[in-house]
Amino acid sequence: LTMLSYSSQGKLVRNGEEKKLVICIEGNIASGKTTCLEYFSKTSNIEVLTEPVSKWRNVRGHNPLGLMYQDPTRWGITLQTYVQLTMLDRHLSTISAPVRMMERSIYSAKYIFVENLYRSGKMPEVDFAVLSEWFEWITQNIAIPVDLIVYLQSSPQTCHERLRERCREEENIIPLEYLEAIHHLYEDWLIKKTSFNVPAPVLVISADDDLQKMLHQYEENREKILAGSN
Ligand code: DCP
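Bear in mind that the values here come from a model prediction, so they are computed numbers and not experimental data.

> How should the overall build of the chain be read in this particular structure?
What the chain contains, in helices and strands, is 9 helices and 7 strands. Its C-alpha atoms give the chain a radius of gyration of 17 Å, within 12% of the compact-globule value 17 Å for 230 residues. With respect to the principal axes defined by its C-alpha atoms, the chain has extents near 40 × 40 × 40 Å. Look at the contacts in the chain between residues 6 or more apart in sequence, and 73% of them connect residues 24 or more apart.

> Looking at this model, I keep getting lost on the nonpolar core. Mind explaining?
Most often, soluble globular proteins have nonpolar side chains that are buried together. Counting residues in each nonpolar core, the largest one holds 45 residues, and the members touching the most others are Ile23, Ile25, Ile112, Ile149, Val150, Leu152 and Ile182. Broken down by secondary-structure element, the contributors of at least two residues to this core are strand E3 (21-27), strand E4 (46-49), helix H3 (64-70), helix H4 (72-92), strand E5 (99-103), helix H5 (106-119), strand E6 (148-153) and helix H8 (176-191). No other element matches H5, which puts 8 residues into this core. Not counting residues up to four positions away in its chain, the partners in contact with Ile25 are Lys33, Cys36, Leu37, Met101, Glu103, Val150 and Leu152.

> Just checking my understanding: could you explain the site of the ligand for this structure?
The environment of the ligand is formed by 17 residues, the closest being Ile29, Lys33, Thr34, Ala109 and Phe113. Breaking the shell around the ligand down by element, the ones donating at least two residues are helix H1 (33-41), H3, H4 and H5. Partitioned by chemical class, the residues of the shell around the ligand number 9 nonpolar, 4 polar and 4 charged.

> Just checking my understanding: could you explain the packing of H5 against H8 for this structure?
Angle between the axes and distance between the axes are the two parameters that describe a pair of packed helices. Between H5 and H8, whose axes approach to 9 Å, the crossing angle comes to 135°. One element, H5, and the other, H8, form an angle in the oblique class. The interaxial crossing formed by H5 with H8 has right-handed handedness. Of H8, the residues touching H5 (which contributes Tyr111, Ile112, Glu115 and Asn116) are Ala181, Ile182, Leu185, Tyr186 and Trp189. Its residues assigned to classes, the contact of H5 with H8 shows 7 nonpolar, 1 polar and 1 charged.

> What am I meant to see in the sheet that holds E6 here?
Hydrogen bonds between backbone groups are what pair the strands of a sheet, and the pairing can be parallel or antiparallel. The 5 strands are arranged E4-E5-E3-E6-E7 in an open sheet whose pairing can be described as parallel. Each having just a single partner strand, E4 and strand E7 (202-206) make up the two edges of the open sheet. Mean inter-strand twist for the sheet, computed between neighbouring axes without regard to direction, equals 20°. Relative to E5, E4 runs parallel, the two sharing 4 bridges. Note on E5: the bridge partner recorded for Ile46 is Val99. Relative to the sheet, helix H9 (residues 211-227) contacts E3, E5, E6 and E7, its axis offset from that of E7 by approximately 175°.

> Whenever I open this one, H5 confuses me. Can you help?
An α-helical turn contains 3.6 residues, so a residue and the one three or four places further along point in the same direction. Between its terminal C-alpha atoms H5 stretches 19 Å, which fits the 20 Å expected from 14 residues at 1.5 Å a residue. Among the 14 residues that make up H5, 11 are buried, leaving the element largely enclosed by the rest of the structure. Phi for Gly121, located one or two positions after H5, is positive at around 80°.

> Is there a simple way to explain unusual backbone geometry in this structure?
Most peptide bonds take the trans form, and the phi angle of most residues other than glycine is negative. Of note, the phi angle at Ala30 is positive, near 65°, even though the residue is not glycine. Along the polypeptide, Ala30 turns up in the loop between E3 and H1. One non-glycine residue, Arg104, lies in positive phi territory at about 60°. Within the secondary structure, Arg104 sits in the loop between E5 and H5.

> Sorry, what's going on with the packing of H4 against H5 here?
The interhelical angle for the contact between H4 and H5, taken along N-to-C directions, is 175°, at an axis separation of 9 Å. Here H4 is positioned roughly antiparallel relative to H5, judged by the angle of their axes. Of the residues in H5, those in contact with Pro72, Gly76, Gln80, Val83, Gln84, Met87, Leu88 and His91 of H4 are Ile106, Ala109, Phe113, Val114 and Leu117. In the contact of H4 with H5, the residues fall into 9 nonpolar, 4 polar and no charged.

> Honestly, helix H7 (residues 156-166) in this entry has me stumped. Any pointers?
Residues of H7 that are buried include every one of Pro156, Cys159 and His160, and no others. An end-on view of H7 places all buried positions within 105° of arc, on one side of the element. Taken together, the buried residues of H7 touch H8.

Thresholds applied
- Residues numbered from 1 in each chain as written.
- Predicted model: local features only at pLDDT ≥ 70, side-chain atom pairs only at ≥ 80, totals over all residues.
- Helix = DSSP H or I, 4+ residues; strand = E, 2+ residues; numbered from the N terminus.
- Rg over C-alpha atoms; globule rule 2.2 N^0.38 Å.
- Contact = placed C-beta atoms within 7 Å.
- Core = buried A, V, L, I, M, F, W, Y, C linked by C-beta atoms within 7 Å.
- Buried ≥ 20, exposed ≤ 12 C-beta atoms within 10 Å, placed from the backbone.
- Near = placed C-beta within 6 Å.
- Nonpolar A, V, L, I, M, F, W, Y, C, P; charged D, E, K, R; others polar.
- Axes fitted to C-alpha atoms, helices over the stretch in contact; angles between N-to-C directions.
- Parallel < 35°, antiparallel > 145°, perpendicular 65-115°, else oblique.
- Left-handed = near helix turned anticlockwise from the far one by under 90°.
- Pairing = 2+ DSSP bridges.
- Expected span 1.5 Å × (residues − 1).
- Arc of directions from axis to C-beta.

Geometric values such as these leave the question of function open.
Dropping the structure here:
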């Protein structure tokens, strides 16, 4: 049963979920978000939602992620419309533990990926306008609670190496310049805070180290993260 009510800002709220702690893990492609989420998923009382990338690779037998990398001008809006829907669905799903951790957010989908397609000249202005109208309607009318953003700050070079090691088929054409563009958009958004609204406090974790050191950093930051503070 879903209970709908209105928050103090007049936005629609489901099940009074604003009382639970919601932490979004943000960072470049292959910055290690999944490893971070896996680490915390071993802790009780935390619900971990990984990114719905399997859906983006298969919607009713189609692969919008693959299509987007092959021809971003034609398929960028197709992928990003679907990403926006799947992210909204994640944000609004019932939280099953006192703390929720999720990979990325509807915010980075728009402020980083849609923005990058548009700025690099790969998304037609009309597609960008339609996506922006959808995004603004959603964020103005539906409460999307986020309490903390954990930013895994990595160098584009490191991500490029990790991408090559991982060999996800759709991604083998991603050049270093693409990761650099995503990196700069993230830095402007979450570090310089000069581009778009930052919906929650930001905790920065440097993510260029090897796995063992990364796990150690997560251990060190565990209490801060679970208290929802930066
Ligand atoms: N992607 C996209 N547009 C978005 C979100 C993601 O084009 N709005 C693409 C980028 C990647 C793929 O989807 O090719 C998955 O991206 P993530 O970086 O979110 O997931 P990873 O598995 O790469 O994260 P990590 O390696 O940090 O765990």
